[in-house]
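Working through the structure, step by step
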Amino acid sequence: MSLITTFATPPLVITPTVRSFTFSPSRRRSNHTIMSAVRSETTSTCPVLTKFQNDCATPTPVLRDVANALADDMQAGLAVHGGGDLEMILTYVDALPSGKEEGLFYALDLGGTNFRVRSVQFGGEEEHVVATKSEQLSIPPKLMIGTSEELFGFIASKLADFVAKEEPRRFRLEQGRKREIGFTFSFPVNQTAIDSGTLIKWTKGFHVSGMEGKNVVACLNEAMEAHGLDMRVSALVNDGVGTLAGARYWDKDVMAGVILGTGTNACYVEQKNAIPKLQNKSSSGTTIINTEWGGFSKCLPRTIFDKEMDKESLNPGEHLYEKMISGMYLGEIVRRVLLHMCEAGELFGQSVPFKLSTPLALKSQDLCKMQEDDTDDLSSVGSILYNIFAVETDLKARRRVVEVCDTVVKRGGRLAGAGIVAILERIERETKRLASGQRTVVAIDGALYEKYPQYRQYMQDALVELLGDDLASHVHIKHTKDVSGLGAALLAATNSIY
């Protein structure tokens, strides 16, 4: 179905990892998909698995319903705050990178137990990126549950150390200028300007006291000032916006950025005159909308296993779409199905392996390795099951396990594809890019998309089924690895006070 190529990047210091494909009607299924389907066929009856497969089914009409419902929620969220499942957050990114950016800018990415700082020396249209340096640091666990002063004070001190180690010959700050930084803050934020936003709530294990409702940019600016660091935040973004901006620097046809990793989100370029909730604000030009699509919940083919997992999650009733398509949850759904099959006597004999009851024991990377096993006896599948669950398996059991993996991943990939189609059709409604034959690029980052070929293939299948061969032929999907930091630095440059 797809033509996958690797594009050469310019001979620059920083060159994002890019894997790109366009859609070709002559090729509809990859070897991975065919191999998985053949390998997972079982001849004996298995009621639990059969019902699960039926409940997970995503034929084209189901995907069309999902895409349409998601599009309706997008429109509702653009009309008024809280209008639908999707928050459709205004990012205030009204100017995207032009390629003419010059000077020294920085990026800080805080989205988990690690944070990354990067410096980038831009050289304008001729040189683009002249030099770059990055460093990743761990956040001490006690600071994740400490005070805002402690957390941002620690980050500011490490930023100061990073700047102090800069090589003057490679990184040059223009005299009289303050250092400017793009702050990627991947937690729920109510953004009020390009350089301002208040924390809605902490996630990912953070519970820093006294922060909810506070301006996160002000907290970082104050901490940097306290540490004698002459630096200010010029742009507050999330990783999806950073990915779109970073990819746009190299390719002016990028119109959307999607994250498919442990979690998921998507953003896209919207026409301001199509956003009713902008009200009296300027309605000319474009802006980036952060969809927060993980919160979508309508028309989804949820099973009893999805509902049980959601009930026991840290955020029951929330982020239902994310719990079906992102890497954090795929393995857990498979584990719950396997446990139920064992309890019904359909897998692993008469006993239930003790470790199979351990939540989150199975990861998405384990599913990928099992689906990629092309040995006659599925020996890799057997080894993975033994290493994780301490269970000996025969070929029949291994085939059933692979079939469960394929069912969950197929549903996830195809639902992700439906989400991307909803965004592409939204863009098309306002721009008519695809109908006029104009190339439209979706930049995707995240380990799930990068490392799971079956997931990618199922996503591609859904895109072509819903768009049709003609429109799909103008859609280009680019894997742009780790460009969100570059994007944050670029947006700091684009929104510089100078």
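In the block above lies the structure referred to throughout.
Residues numbered from 1 in each chain as written. Predicted model: local features only at pLDDT ≥ 70, side-chain atom pairs only at ≥ 80, totals over all residues. Heavy atoms only, no water.

Description of the overall build of the protein chain
Assigned secondary structure in the protein chain consists of 18 helices and 15 strands. For 498 residues, the compact-globule estimate of 2.2 N^0.38 gives 23 Å, and the C-alpha radius of gyration of the protein chain, at 23 Å, lies within 12% of that figure. Put simply, the protein chain has 498 residues, and 55% of those count as buried. When contacts within the protein chain are restricted to residue pairs at least 6 apart in sequence, those whose partners lie at least 24 apart make up 72%. For the protein chain, the accessible surface area stands at approximately 20500 Å², while carbon and sulfur atoms represent 49% of it. (Helix = DSSP H or I, 4+ residues; strand = E, 2+ residues; numbered from the N terminus. Rg over C-alpha atoms; globule rule 2.2 N^0.38 Å. Buried < 20%, exposed > 50% of the residue type's maximum accessible area, 1.4 Å probe, protein only. Contact = heavy atoms within 4.5 Å. Areas by Shrake-Rupley, 256 points an atom, 1.4 Å probe, with all protein chains shown as cover.)

A look at the sheet that holds strand β7 (residues 179–185)
Across the sheet, five strands lie side by side as β6-β5-β4-β7-β10; this open sheet has mixed pairing. In the strand order of this sheet, the two ends are held by β6 (129–138) and β10 (231–237), each with one partner. In this sheet, neighbouring strand axes are inclined to one another by 20° on average, regardless of whether the strands run parallel or antiparallel. Pairing geometry for strand β4 (residues 102–110) and β7, over five bridges, is parallel. Note that in β7 the partner of leucine 110 across the bridge is phenylalanine 185. Strands in contact with helix α7 (residues 216–226) are β4, β7 and β10; relative to β10, the strand with the most contacts, it is inclined by about 160°. (Pairing = 2+ DSSP bridges. Axes fitted to C-alpha atoms, helices over the stretch in contact; angles between N-to-C directions.)

Regarding the pairing of strand β13 (residues 286–290)
Both faces of the sheet carry side chains from a regular strand, because those side chains alternate between them. Within β13, four of the five residues are buried, leaving the element largely enclosed by the surrounding structure. Alignment of strand β3 (residues 89–90) against β13, held across two bridges, turns out to be antiparallel. Note that in β13 the partner of isoleucine 89 across the bridge is asparagine 290. Here five bridges tie strand β12 (residues 264–271) to β13, and the two strands are oriented antiparallel to one another. What sits directly across from glutamine 271, in β13, is threonine 286.

Looking at the environment of glycine 261
As for its placement among the helices and strands, glycine 261 is situated in the loop between β11 (254–260) and β12. Between the C-alpha atoms of glycine 261 and serine 326, which are 65 residues apart in sequence, the distance is 6.0 Å. Leave out the neighbours within four places in its chain, and glycine 261 touches Ser326, Gly327, Met328, Gly446, Ala447 and Leu448.

Section: unusual backbone geometry
The residue alanine 390 is not glycine, and still its phi comes out positive at about 55°. Inspection of the secondary structure assignment puts alanine 390 in the loop between α13 (379–389) and α14 (395–431). The phi torsion at lysine 432 lies on the positive side, around 55°, for a residue other than glycine. Position of lysine 432 among the secondary structure elements: in the loop between α14 and β14 (440–445).

Here's the deal with the packing of aromatic side chains
Per the stated rule, a full pass over the model turns up 13 aromatic pairs. Consider the rings of phenylalanine 52 and phenylalanine 305, whose centres lie 5.5 Å apart with planes at 80°: the pair is edge-to-face. Residue phenylalanine 52 is located in helix α2 (residues 47–56), and its partner phenylalanine 305 is located in helix α9 (residues 304–311); the two are separated by 253 residues in the primary sequence. Given a relative accessible area of 1%, phenylalanine 52 falls into the buried group. Taking the relative accessible area as the measure of exposure, phenylalanine 305 reaches 6% and is therefore buried. Ring plane angle 70° and centroid distance 5.1 Å describe the contact between phenylalanine 187 and phenylalanine 206, whose orientation is recorded as edge-to-face. On the criterion of sequence distance, the pair formed by phenylalanine 187 in the loop between β7 and β8 (189–193) and phenylalanine 206 in the loop between β9 (196–199) and α7 is long-range, its members being 19 residues apart. On the basis of relative accessibility, which here comes to 6%, the residue phenylalanine 187 falls in the buried class. The class for phenylalanine 206 is buried, based on a relative accessible area of 5%. Here the basic side chain of lysine 133 rests over the ring of phenylalanine 162, its NZ or CZ set 4.5 Å away from the ring centre. Across the ring face of tyrosine 449, the terminal group of arginine 456 is positioned such that the distance to the ring centre comes to 5.8 Å. (Phe/Tyr/Trp six-rings, centres within 6.5 Å; stacked < 30°, edge-to-face > 60°. Lys NZ or Arg CZ within 6 Å of the ring centre and 35° of its normal.)

Let's talk about helix α3 (residues 60–79)
Residue pairs spaced three or four apart in an α-helix point in one direction, given the helix's 3.6 residues per turn. The end-to-end C-alpha distance of α3, which contains 20 residues, comes to 29 Å, matching closely the 28 Å that a straight helix rising 1.5 Å per residue would cover. Those residues of α3 that fall on the buried side of the exposure criterion are Leu63, Val66, Ala67, Ala69, Leu70, Asp73, Met74, Gly77 and Leu78. Residues of α3 that are buried make contact with β12, β13, α14 and α16 (453–467). (Expected span 1.5 Å × (residues − 1).)

Quick notes on the pattern of salt bridges
Note that side chains of opposite charge can pair when their charged atoms are close. Evaluated as defined, the whole model comprises 28 salt bridges. The partner of lysine 272 in a salt bridge is aspartate 94, and the shortest N-O contact between them spans 3.1 Å. With lysine 272 in the loop between β12 and β13 and aspartate 94 in the loop between β3 and β4, this pair connects stretches of sequence that are 178 residues apart. With its nearest N and O atoms 3.4 Å apart, the salt bridge here joins lysine 165 to glutamate 135. Here lysine 165 is found in the loop between α6 (148–164) and β7, whereas its partner glutamate 135 is found in strand β6, with 30 residues between them in sequence. Judged by its relative accessible area of 24%, glutamate 135 is partly exposed. When salt bridges that share partners are traced, they join Asp251, Asp253, Arg433, Arg439 and Lys478 into one network. (Salt bridge = Lys/Arg side-chain N within 4 Å of Asp/Glu carboxyl O.)

Thoughts on the packing of α2 against helix α11 (residues 327–343)
Geometrically, a packed helix pair is captured by the angle between its two axes and the distance between the axes. Two elements in contact, α2 and α11, have axes separated by 9 Å at closest approach and are oriented at 145°. Viewed along their axes, α2 and α11 form a crossing whose handedness is right-handed. Every residue of α11 that contacts α2 at Val48, Leu49 and Phe52 is listed here: Ile333, Val337, His340 and Met341. When grouped by side-chain class, the residues that make up the contact of α2 with α11 number six nonpolar, one polar and no charged. (Left-handed = near helix turned anticlockwise from the far one by under 90°. Nonpolar A, V, L, I, M, F, W, Y, C, P; charged D, E, K, R; others polar.)

A look at the packing of α9 against α11
Packing of α9 against α11 brings their axes to within 10 Å, and their N-to-C directions diverge by 115°. With respect to the hand of their crossing, α9 and α11 are arranged in right-handed fashion. Contacts between α9 and α11 pair Phe305, Asp306, Glu308 and Met309 from the former with Tyr329, Glu332, Ile333, Arg336, Val337 and His340 from the latter. Split by residue class, the contact of α9 with α11 holds five nonpolar, one polar and four charged.

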